[in-house]
Every structure is written in C-alpha cells, then in structure tokens.
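Given next are the chains, with one letter for each unit.
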Amino acid sequence: MSEQVSIEEKEILEALLKEVRESAQKEAEKILKEAEEKAKEILKEAEARAEEELRKKIERIKKRVRSEVSSKIALEKMRIRREYLMEKERIIEDLLSEVSEKIRGLIEKDTEKYKLCLLNLIIEAALNMQNEKLFVVTTKRDTKLVEEILPEAEKLLLEKYSRKVKLRLAEEKIEALGGVILRDENSREMYNNTIEARINRVKTEVLPKILSEIVR
C-alpha cells in the first residue's frame, strides 16, 4: 500500500513538473516573442529616426548648396551687368566723341550749315520758354553769326509758330563748343541749347534707350 502511494505521488509530481515545464516553456516563448516584437519595433523606430535625420541632413546640404549656387549666380550676374554697363558707357562715350568731332569740323569748315544750326537752336530754345523778351548768350567766336540770324529767328518764330519774341544778343559770353543759351532779362528762366548740353541730353536720354533696344 505504501509502495502504491509512493508511485502515485511520483506520478503526480512528474505530472506537476511536466506542467510546470510546459508552462515555463510557454512563458519563455511568450517572453521571447514579445522581446522579438519589441526589438523589431525599436529597430523600426530607430530606422525611421535615422531616415528622418538623413532626410533632414540631405535637405540642409541641398539648402546650403542652393544658397551657395544662388550666391555665385548672383555674383556672376552682377559681374556681367557691370561689364555690360561699362561697355555701354564706353560705346556711348565713343559715339559722342565722334559726334563732337564732326560738329567741330562742321563749325570750322561749313559756316552756312553751322549758321542754320544756330538758327534752329535759337528757335528751339525760344519755343521752350515763356518770356517774350529773351537774351541770346553765345561764344565769342559765334557772336557775329548769332547777331546776323536773330532777325530771321524772330521772323520764323512769328510766321511759323505764331510766337512774337524779341531776341537780343547778351553781353556775356560762354565757353562752349558751340550753340546758345537763352535767358530772360533777370536770368530766372533759362534754356541751355549749347552743343555740350544737347550732347549730354542725347547721352542721358536717347542713346541708352537705343542701346537697350539693340542688346535686347
């Protein structure tokens, strides 16, 4: 009887041990599975963070490169524009120098043409002024020529433009390549129509527009 009980206890003990082992095995497998899933989750999060950090780093590099490239492009544009403006200025100066020489040649060699030029300059200046009594200031060299054409200028202003203007030769003289300055009696109203003034107007108003159209 005692032997039989011992056998039964042994069987119960073995059964309990087996159950414990199986339970422990299942628990171990569960823990391992959870650990594996957690490890995968951690790895996935780490990979996502790494990818995000890499993306941000690449974006920073791209931004820096774009900024550097933009700066270089801007500097190059400035350099090209500076060269263009310098070349344009040189072309304008060359053209105006050539014009000045041609005018100088006209003044020295063709008095009649220059006389007509002076007449037109006087009329143009008078038409751009309000006063009806004007004084014509000219160079010492052109004094005689201007004095000769004043009556004709008054006549043309009246007949062609219906402007009754009294023109008088001013006592003062100017230093200029040619042309005239018209003023009223008190010098409050003036119109500079010297050759230099006209060349300067061409330089600042006309030629830049022409050159802009050419290089467009």
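Note that the coordinates shown come from a computational prediction; the quantities given were computed from them, not determined experimentally.

### A closer look at the overall build of the protein chain
- A tally of helices and strands in the protein chain yields four helices and four strands.
- Counting from the amino terminus, helix and strand elements in the protein chain follow one another as α-α-β-α-β-β-β-α.
- Looking at the 216 residues of the protein chain, the share that counts as buried comes to 25%.
- Surface exposure of the protein chain reaches about 16600 Å², of which carbon and sulfur atoms provide 55%.

### Concerning the layout of surface pockets
- Its boundaries defined by the atoms lining it, the largest pocket holds a volume of some 230 Å³.
- Elements represented by at least two residues in the lining of the largest pocket include exactly helix H1 (2-109), helix H2 (111-127) and helix H4 (195-215).
- Ranked by residue count, the leading element in the lining of the largest pocket is H4, at five residues.
- Grouping the constituent residues of the lining of the largest pocket by class yields nine nonpolar, no polar and three charged.
- Structurally, the lining of the largest pocket is a two-domain feature, drawing no fewer than three residues from each of domain 1 (52-109) and domain 2 (111-214).

### So, helix H3 (residues 143-161)
- With 19 residues, H3 extends 25 Å from end C-alpha to end C-alpha; this agrees with the ideal 27 Å at 1.5 Å per step.
- The largest bend along H3 measures about 40° and falls at Ile149, with the proline Pro151 one to four residues further on.
- Buried residues belonging to H3 abut H2, strand S1 (133-138), strand S2 (166-173) and strand S3 (179-183).

### Side note on the side chain of Glu154
- For Glu154, the location among the structural elements is in helix H3.
- If near-sequence neighbours (up to four positions away) are discounted, Glu154 is found in contact with Val165, Lys166, Leu167 and Arg168.

### Describing the environment of Leu150
- Following the sequence through the fold, Leu150 ends up in helix H3.
- The sequence separation of Leu150 and Leu118 amounts to 32 residues, and the corresponding C-alpha distance is 9.8 Å.
- Apart from the residues lying within four places of it in its own chain, the contact partners of Leu150 are Ile122, Val136, Leu167, Arg168 and Leu169.

### Focus on the side chain of Arg163
- Topologically, Arg163 is positioned in the loop between H3 and S2.
- Of the buried charged residues, Arg163 lacks a salt bridge, with Glu132 as the closest side chain of opposite charge at 6.0 Å.
- Residues contacting Arg163, with those up to four places away along its chain left out, are Ala126, Leu127, Met129, Gln130, Asn131, Leu157 and Leu158.

Analysis parameters
Residues numbered from 1 in each chain as written. Predicted model: local features only at pLDDT ≥ 70, side-chain atom pairs only at ≥ 80, totals over all residues. Heavy atoms only, no water. Helix = DSSP H or I, 4+ residues; strand = E, 2+ residues; numbered from the N terminus. Buried < 20%, exposed > 50% of the residue type's maximum accessible area, 1.4 Å probe, protein only. Areas by Shrake-Rupley, 256 points an atom, 1.4 Å probe, with all protein chains shown as cover. 1 Å grid on protein atoms, 1.4 Å probe; cavity = no way out; pocket = protein on both sides within 12 Å on 5 of 7 lines; lining within 4 Å. Points joined across faces, edges and corners; volume = space filled by probe spheres on them. Nonpolar A, V, L, I, M, F, W, Y, C, P; charged D, E, K, R; others polar. Domains from an automatic or database assignment. Expected span 1.5 Å × (residues − 1). Bend = angle between axes of the 7 residues up to and from the residue. Contact = heavy atoms within 4.5 Å. Lys, Arg positive; Asp, Glu negative; His and termini not counted. Salt bridge = Lys/Arg side-chain N within 4 Å of Asp/Glu carboxyl O.

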